[in-house]
Amino acid sequence: MLRLDSVSRRFGEQHVLDGISLTVPDGQLLSVVGPSGCGKSTLLRTIAGLLPAQEGTVTVDGTPVTGVPERLAVVFQEYGRSLLPWLTVRDNVALPLRRRGLGRAARRAEAETILERVGLHGVARRRPRELSGGMQQRVAIARALVCRPSLLLMDEPFGSLDAGTREDLEDLLLEVHRADETTIVFVTHDIDESVYVGDRVVVLSAGPGSRVVRDLPVTLPGERDQITTRGSTAFVTLRTEVGRAVRAVRGAPPEGPR
Amino acid sequence: MTRRDPTRRRELLLGLLGAAAAFGICEAVSRAGLVRRSYLPPASEVVVRAVRLAGDRAFLDGIGVTLRAWALGLGLACALAVPLGLLLGTVPVVEAATRAVLEFLRPLPSVALIPLVSLLLGSGTETEVTLIAYASLWPVLFNTVYGLGETDPLARDTLRAFGFGRLAVLLRADLPATAPFIAAGVRISASVALILAVATELLSGFGQGLGIFIAQAQTSTDGTRDVLAGVVWAGALGLAVNGILAGAEHRLFAWAREPRPEARRPRRTTPQPWTRTHPGRDHP
Ligand SMILES: Nc1ncnc2c1ncn2[C@@H]1O[C@H](COP(=O)(O)OP(=O)(O)OP(=O)(O)O)[C@@H](O)[C@H]1O
Ligand SMILES: [Mg+2]
């Protein structure tokens, strides 16, 4: 279980997070939406133990975290820069497996399997900077999934993908989530996506001093399907609700311009 | 980016043209009697002499001695400078504590230390290797520290996020990211080391080596020609070493020439004295 207790963060004079409290049960997929610059990435970095919380505490399974939690994986928003340019795609993906004491051949085999699953064929021996943005993003996702994390943080992981690939990866994420019962914090700009993949959606207010303004359980069946789920009344109701909350946070009129 | 072949061929052609022109001018100046022949023998005679030296056992042994000292000194310098640079670049306290000393030592001309070190260590290989190591320490050290400052913090964060500890992050993120800078430093040091090797031999004046050959040629008949032939060898060695190292860098660090995606890095807050020698990008 991941728990945040009134976590606050400033950068100099600028208040970014202002008392964020959240409890994410094991195996939940929590979607986080909020306007640009409100502190979503800062929140993920704090959970990852890369930025110390200045006030409040983050606990994982009951123990307060001071460093990086065990069995964590992160897909950074700057996915391209987070790939190590001197390693091949395959070795980048295999990197987290080093911590699991697997042999080189086994690591590479697992890396190649997961690369196939994110739809990357024949790029294992290329270097990350030779790939397109969308391909790099999938390498970063593959690297996060390969080590079967128990806590997975994803910062707009599908932002550079075309619509088709994006749908495939949303479904892959749901599959992995269901199979491994991974706890996932999933940051996105896309309201429909937040509802489609999420078990729950929280909306953050605009900064400075961002807080949780809406916390919605996603009451959709566990089995989801790009066509029928997105067409269902329950889905449309939820996305409308999240959409309204996001508009309100931005200070836009609730129904949009006439 | 890889350099396109036509550009490369053109560069090579221009280089050869320049060399030929320099050769022609030297030859002409000497043959026309503008300067006395014993001051500047015709370039062709110098080159012929230099080529014939390649068949001279004693001379080649000397080259071997010089290159051995060069390699030892450069190796020693790298073995010291890279770990020291990693320490300075990652532990700010150490950097702050040693900065004054380093900034005092750095501008001292290494050649000026030859008499002192000779006095302490005698005029053998130890002196030569020590001086070479001292002089070649700096480019490698400063490039290592500079390169560490240029390491993308996100590469470190990535490794940390996947559970790697401090040392693992240093070895898996900082060191490889800095490697192109270190290599550029080694390439610069290689030339510096050659200068020091020849200079130490010249000034200490006995034993074996290219510098000794040059020193002794001064006193012989046809002295200038032999001195210049020795100089041609020194130049050629420098050119070869630089070419080999630059080629190795080009092959090993192809990744460093690709543009970094959406570079959004924090700027340094305090100005750093470290010299900048950017790897890979020094060939436009
Ligand atoms: N290292 C830093 N130093 C100073 N300010 C920072 C730093 N990181 C983030 N900020 C500031 O914190 C605020 C929140 O940034 P953050 O990246 O968390 O936003 P975000 O919600 O992820 O935005 P986006 O949706 O555009 O990615 C911004 O105003 C940003 O300028
Ligand atoms: Mg962000």
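Residues numbered from 1 in each chain as written. Chains lettered and ligands numbered in written order. Predicted model: local features only at pLDDT ≥ 70, side-chain atom pairs only at ≥ 80, totals over all residues. Heavy atoms only, no water.

**A look at the overall build of chain A**
Move 1: A count of helical and extended segments in chain A gives 9 helices and 10 strands.
Move 2: Taken over the C-alpha trace, chain A has a radius of gyration of 18 Å; the compact-globule value for 258 residues is 18 Å, and the two agree within 12%.
Move 3: Reported as C-alpha extents along the three principal axes, the dimensions of chain A are approximately 55 × 45 × 30 Å.
Move 4: Buried positions account for 53% of the 258 residues belonging to chain A.
Move 5: In chain A, the share of contacts with a sequence separation of at least 24, taken over all contacts with a separation of at least 6, comes to 66%.
Move 6: Split by element, the accessible area of chain A, about 11,200 Å² in all, is 48% carbon and sulfur.
Move 7: Of the side-chain charges in chain A, 34 are positive and 32 negative, and the distance between the mean point of each set is 5 Å. (Helix = DSSP H or I, 4+ residues; strand = E, 2+ residues; numbered from the N terminus. Rg over C-alpha atoms; globule rule 2.2 N^0.38 Å. Buried < 20%, exposed > 50% of the residue type's maximum accessible area, 1.4 Å probe, protein only. Contact = heavy atoms within 4.5 Å. Areas by Shrake-Rupley, 256 points an atom, 1.4 Å probe, with all protein chains shown as cover. Lys, Arg positive; Asp, Glu negative; His and termini not counted. Charge placed at Lys NZ, Arg CZ, Asp CG, Glu CD.)

**Some thoughts on the site of ligand 1**
Residues and elements named next belong to chain A.
Move 1: Neighbouring ligand 1 are 13 residues; Ser-36, Lys-40, Ser-41, Thr-42 and Gln-77 lie closest to it.
Move 2: In this structure, Cys-38 approaches ligand 1 through a main-chain N or O atom, which is 3.3 Å from an oxygen atom.
Move 3: Within the side chain of Ser-41, an N or O atom sits 2.7 Å from an oxygen atom of ligand 1.
Move 4: For the shell around ligand 1, the elements supplying multiple residues, two or more each, are strand E2 (14-24) and helix H1 (40-47). (Near = heavy atom within 4 Å. Polar contact = N/O pair within 3.5 Å; in protein donor to acceptor, adjacent residues only side chain to side chain.)

**Side note on the confidence of the model for chain B**
Residue and element names in this part refer to chain B.
Move 1: Averaged over every residue, the pLDDT of chain B is 85; the share at 70 or more is 90%.
Move 2: The secondary structure element of chain B with the lowest average pLDDT is helix H5 (residues 114-121), at 86, and the one with the highest is helix H7 (residues 153-161), at 96.
Move 3: The model gives residues 264-284 a pLDDT under 50, and that stretch makes 35 contacts with residues more than four places away or in other chains.
Move 4: Under the prediction, the complex receives an ipTM of 0.92, its pTM being 0.86. (pLDDT = per-residue confidence, 0-100.)

**As for the interface of chain B and chain A**
Much of the literature gives interface size as the accessible area that the parts lose upon coming together.
Move 1: The partner chain A presents 24 residues to the 24 residues of chain B that form the contact.
Move 2: Roughly 2,400 Å² of surface becomes buried between chain B and chain A when both sides are summed, with 63% attributable to carbon and sulfur atoms.
Move 3: In terms of surface lost to chain A, no three residues of chain B exceed B:Leu154, B:Phe162 and B:Trp255, which account for 29% of the buried area on that side.
Move 4: The interface formed by chain B and chain A contains 2 salt bridges.
Move 5: Our count for the chain B to chain A interface comes out at 4 residue pairs in polar contact (both at pLDDT 80 or more). (Buried area = accessible area lost by both parts, 1.4 Å probe. Salt bridge = Lys/Arg side-chain N within 4 Å of Asp/Glu carboxyl O.)

**A few points about the pattern of salt bridges**
Move 1: Inspection of the entire model under this criterion finds 26 salt bridges over all chains.
Move 2: Across the pair B:Asp152 and A:Arg81 runs a salt bridge, and its minimum N-O distance is 2.7 Å. Taken as a pair, B:Asp152 in the loop between helix H6 (125-150) and H7 and A:Arg81 in helix H2 (residues 79-82) lie in two separate chains rather than in one. For the pair formed by B:Asp152 and A:Arg81, the shared burial category is buried.
Move 3: With a closest N to O distance of 2.6 Å, B:Glu249 and B:Arg187 form a salt bridge. Pair noted here: B:Glu249 is in helix H10 (residues 223-252) and B:Arg187 is in helix H8 (residues 166-204), with a separation of 62 residues, a long-range link. In this structure, B:Glu249 and B:Arg187 share a single accessibility class: buried.
Move 4: Beyond isolated ion pairs, a larger network of salt bridges with shared partners links A:Arg166, A:Glu170, A:Asp190, A:Glu193 and A:Arg230.

**Structural notes on the coordination of the magnesium ion (ligand 2)**
Move 1: Distances from the magnesium ion (ligand 2) to its protein donors, A:Ser41 (OG) and A:Gln77 (OE1), fall within 1.9 to 2.1 Å. Of the two residues, A:Ser41 is situated in helix H1 and A:Gln77 in the loop between strand E6 (72-75) and H2; the sequence distance between them amounts to 36 residues. (Donors = N, O, S within 2.8 Å, 3.2 Å for Na, K, Ca; no water.)

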